[in-house]
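Here is how the chains run, residue by residue.
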Amino acid sequence: MGHNIVLVIVISFAIGLVVAVDEHWWQHANFYQIYPRSFKDSDGDGVGDLRGIMEKVSYLKKDLGLDAIWLSPIFKSPMADFGYDISNFTDIHHEFGTIADLENLAQECKRQNLKLILDFVPNHSSDEHPYFTKSEKREAGYEDYYVWHPGKMVNGKREPPSNWISVFRGSAWQWSSVREEYYLHQFVVKQPDLNYRSAKVVEDMKNVLRFWLERGVSGFRVDALPYLFESEMVNGVYPDEPKSNDTDDPDNPTYLLHPYTQNLDETFDMVYQWRAVLDEFKASNHLEEDLILMIEAYTPLENIIRLYGDAEHVGAQIPFNFEVLSNIFKESTAKDFYTYAMRFYNALPVDQFANWVLGNHDNKRVASRLGVQRADLYTIALNTLPGIAVTYNGDELAMEDVYIPWEDTVDPAACNSNPRDFMLYTRDPVRTPFQWDDSVSAGFSTNPKTWLPVSPYYKLNNYKLQKSAPRSHVKIFKSLVRLRKQRTLREGTFDIKLIDDNLLAYRRELENVSTIVVILNFHKSARTVKLSDAFDGLPLEFEIITSSLQTNYVDGSVLERDQIVLPAEAGIVLEGNVKYGV
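Residues numbered from 1 in each chain as written. Predicted model: local features only at pLDDT ≥ 70, side-chain atom pairs only at ≥ 80, totals over all residues. Heavy atoms only, no water.

## Digging into empty space enclosed by the protein
Empty space among the atoms becomes apparent when a probe as large as a water molecule is rolled across them. The tally for this structure, following the rule as stated, stands at four cavities of 30 Å³ or more. The computed volume of the largest cavity comes to approximately 120 Å³. What lines the largest cavity is a set of 15 residues, among which Val366, Thr379, Leu382, Thr391 and Asp395 lie closest to the centre. Of all the elements in the fold, those that place two or more residues in the lining of the largest cavity are α10 (366-369), α11 (375-384) and β16 (388-392). Among the elements that line the lining of the largest cavity, the one with the most residues is α11, at four residues. Looking at the lining of the largest cavity residue by residue, the class counts come to ten nonpolar, three polar and two charged. The volume enclosed by the second largest cavity comes to roughly 50 Å³. As for the second largest cavity, its lining consists of Val324, Phe337, Trp356, Val357, Leu358, Tyr378, Ala381, Leu382 and Leu385. The leading source of residues in the lining of the second largest cavity is α11, at three residues. For the lining of the second largest cavity, the per-class residue count stands at nine nonpolar, no polar and no charged. (1 Å grid on protein atoms, 1.4 Å probe; cavity = no way out; pocket = protein on both sides within 12 Å on 5 of 7 lines; lining within 4 Å. Points joined across faces, edges and corners; volume = space filled by probe spheres on them. Helix = DSSP H or I, 4+ residues; strand = E, 2+ residues; numbered from the N terminus. Nonpolar A, V, L, I, M, F, W, Y, C, P; charged D, E, K, R; others polar.)

Printed below as a string of structure tokens:
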């Protein structure tokens with residue numbers, strides 16, 4: 001077939017590391033993000049809801065074999081930013097259901113041994129939150145609940161207090177004619193920032209955590225953490241941030257560096273305080289299993305590592321690792337993947353567990369961002385690297401982004417731009433309804449009109465079709481989840497080698513149990529791999545656990561270790577009995 005034969009010349013050092021081992025449920029878990037508006041609609045209004053998720057708990061646990069799910073925001077909201085603008089932190093938005101629905105879902109998840117994680121959005125509320133109204137009117141106890149400032153006078157004209165820019169473009173300050181001051185909003189205008197220098201805010205938000213823990217959830221994913229604290233005023237003035245020189249667009253947040261509005265030391269201390277709340281709740285309620293914090297923070301790696309804690313403080317168990325997500329693209333090489341995967345892994349504190357995140361509701365889908373051809377390769381990597389795997393709903397099917405034209409765009413990040421540039425900002429394409437089957441609206445809803453349009457190609461790619469196919473993306477995903485329940489991937493060593501710039505292999509081995517080898521071919525052409533040139537002491541033969549769809553291999557069949565042919569952009573997972581190593 002004209003395959004290129006690979007003479008394995010290792011061009012990187014092997015990392016023969018022993019993976020940390022413990023017995024806590026989350027340390028090797030498969031987490032799955034659900035975007036509730038788009039997962040399953042139970043009542044035909046075109047919007048997904050909690051009862052819809054309840055209908056699919058068996059899919060999540062029995063079919064996929066997941067350990068935990070986390071839900072994007074479901075709280076009461078005017079929906080200016082689709083639930084990230086919360087008007088009541090301790091109530092459920094009517095489109096999603098009721099508190100009783102949430103409690104029922106938590107109970108059903110518990111019955112099926114599936115952990116339920118909720119989003120926690122601590123940085124801001126909606127401007128329709130009663131506390132914002134109180135603060136705007138300077139009611140006693142709420143005067144400094146949000147970040148207020150009278151602004152500054154320049155040539156007799158009042159201007160915002162500083163040059164700070166919102167994530168959603170333009171000034172981060174908005175004038176209130178009621179209070180006659182500016183309030184800070186690092187996101188949309190309808191999302192005023194809470195003031196974490198107020199002891200009342202700190203305690204109220206801790207009580208939000210306690211409220212939902214009492215209703216049966218197992219932890220929280222914390223949203224937009226870096227923005228939590230802003231610099232204190234100096235002589236009554238907020239300092240301007242320096243220009244980045246990365247763009248000449250003064251409304252773009254990248255126009256400035258953000259030393260005064262992101263990643264302040266106080267932010268990390270607040271994470272340690274929240275972890276203490278969870279640990280105290282666990283102890284006082286005599287719970288056997290850990291309650292967890294997952295942290296979203298697009299921030300330099302050293303800040304991610306700080307979130308784990310320090311010598312004096314226990315931090316989050318899962319500060320999301322975005323090194324690969326943020327730096328790997330369709331044309332990335334195996335060397336690129338190796339570089340960013342190992343950047344995180346080598347920085348990991350010795351007593352902590354790695355996590356791997358390739359997709360979420362804010363980034364293009366894996367199949368669209370990294371290529372459909374490589375979707376299985378990345379699914380294999382996500383589930384065989386040491387530690388925790390986090391999957392965005394639909395990525396198990398290799399769902400692709402759906403083009404949403406300007407006139408149908410609803411994401412504020414895009415709506416705040418213009419018809420020419422909106423595709424640079426829109427997140428609508430990654431948030432379209434889950435493709436369950438080939439019926440009306442892909443089985444997501446009985447309503448032909450859904451809050452975002454369903455993919456026009458849903459009849460060619462849906463769960464029902466993949467479930468019945470001899471081989472499919474979701475069957476590869478399921479086989480990997482099953483493999484992760486075995487001891488070798490949970491406890492085995494991790495030895496990774498870059499064979500060439502576009503070919504990567506790693507070995508996971510547990511003495512007297514098995515050897516698992518993963519090969520990822522980033523080449524645009526097929527390769528034949530001679531494994532004995534890469535690793536010593538391998539079994540002579542390996543069983544194929546799973547491989548990318550473009551291979552012709554049958555799961556369960558046997559391969560010789562030095563006759564492994566991989567098509568272009570394919571991955572394979574092999575397992576052998578270590579007792580037969582030579």
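## Description of the sheet that holds strand β7 (residues 148-149)
If you walk across this open sheet you meet the three strands as β7-β11-β10, and the pairing is antiparallel. Two strands in the sheet have a free side with no partner beyond their single neighbour: β7 and β10 (173-176). Bridging between β7 and strand β11 (residues 181-184) involves two bridges; their strand directions are antiparallel. Counterpart to Trp148 in the pairing with β11 is Tyr183. (Pairing = 2+ DSSP bridges.)

## Concerning the packing of aromatic side chains
Both the distance between ring centres and the angle between the ring planes are used here to describe each pair of aromatic rings. As enumerated under the stated definition, the model contains 42 aromatic pairs in all. Judged by centre distance (5.6 Å) and plane angle (35°), the ring pair of Trp173 and Tyr238 falls under tilted. A residue pair is termed long-range when its members are at least 10 positions apart, and Trp173 in strand β10 and Tyr238 in the loop between β12 (219-222) and α6 (265-284) qualify at 65 residues. The exposure class of Trp173 is buried, given its relative accessible area of 4%. Using a relative accessible area of 10% as the deciding quantity, one classes Tyr238 as buried. A connected cluster of aromatic rings, assembled from ring pairs, spans Tyr131, Phe132, Tyr142, Tyr145, Tyr146, Trp148 and Tyr183. Lying over the aromatic face of Trp25, Lys115 brings its terminal NZ or CZ to 4.9 Å of the ring centre. Directly above the aromatic system of Phe268 lies the positively charged group of Arg306, at a separation of 3.9 Å from the ring centroid. (Phe/Tyr/Trp six-rings, centres within 6.5 Å; stacked < 30°, edge-to-face > 60°. Buried < 20%, exposed > 50% of the residue type's maximum accessible area, 1.4 Å probe, protein only. Lys NZ or Arg CZ within 6 Å of the ring centre and 35° of its normal.)

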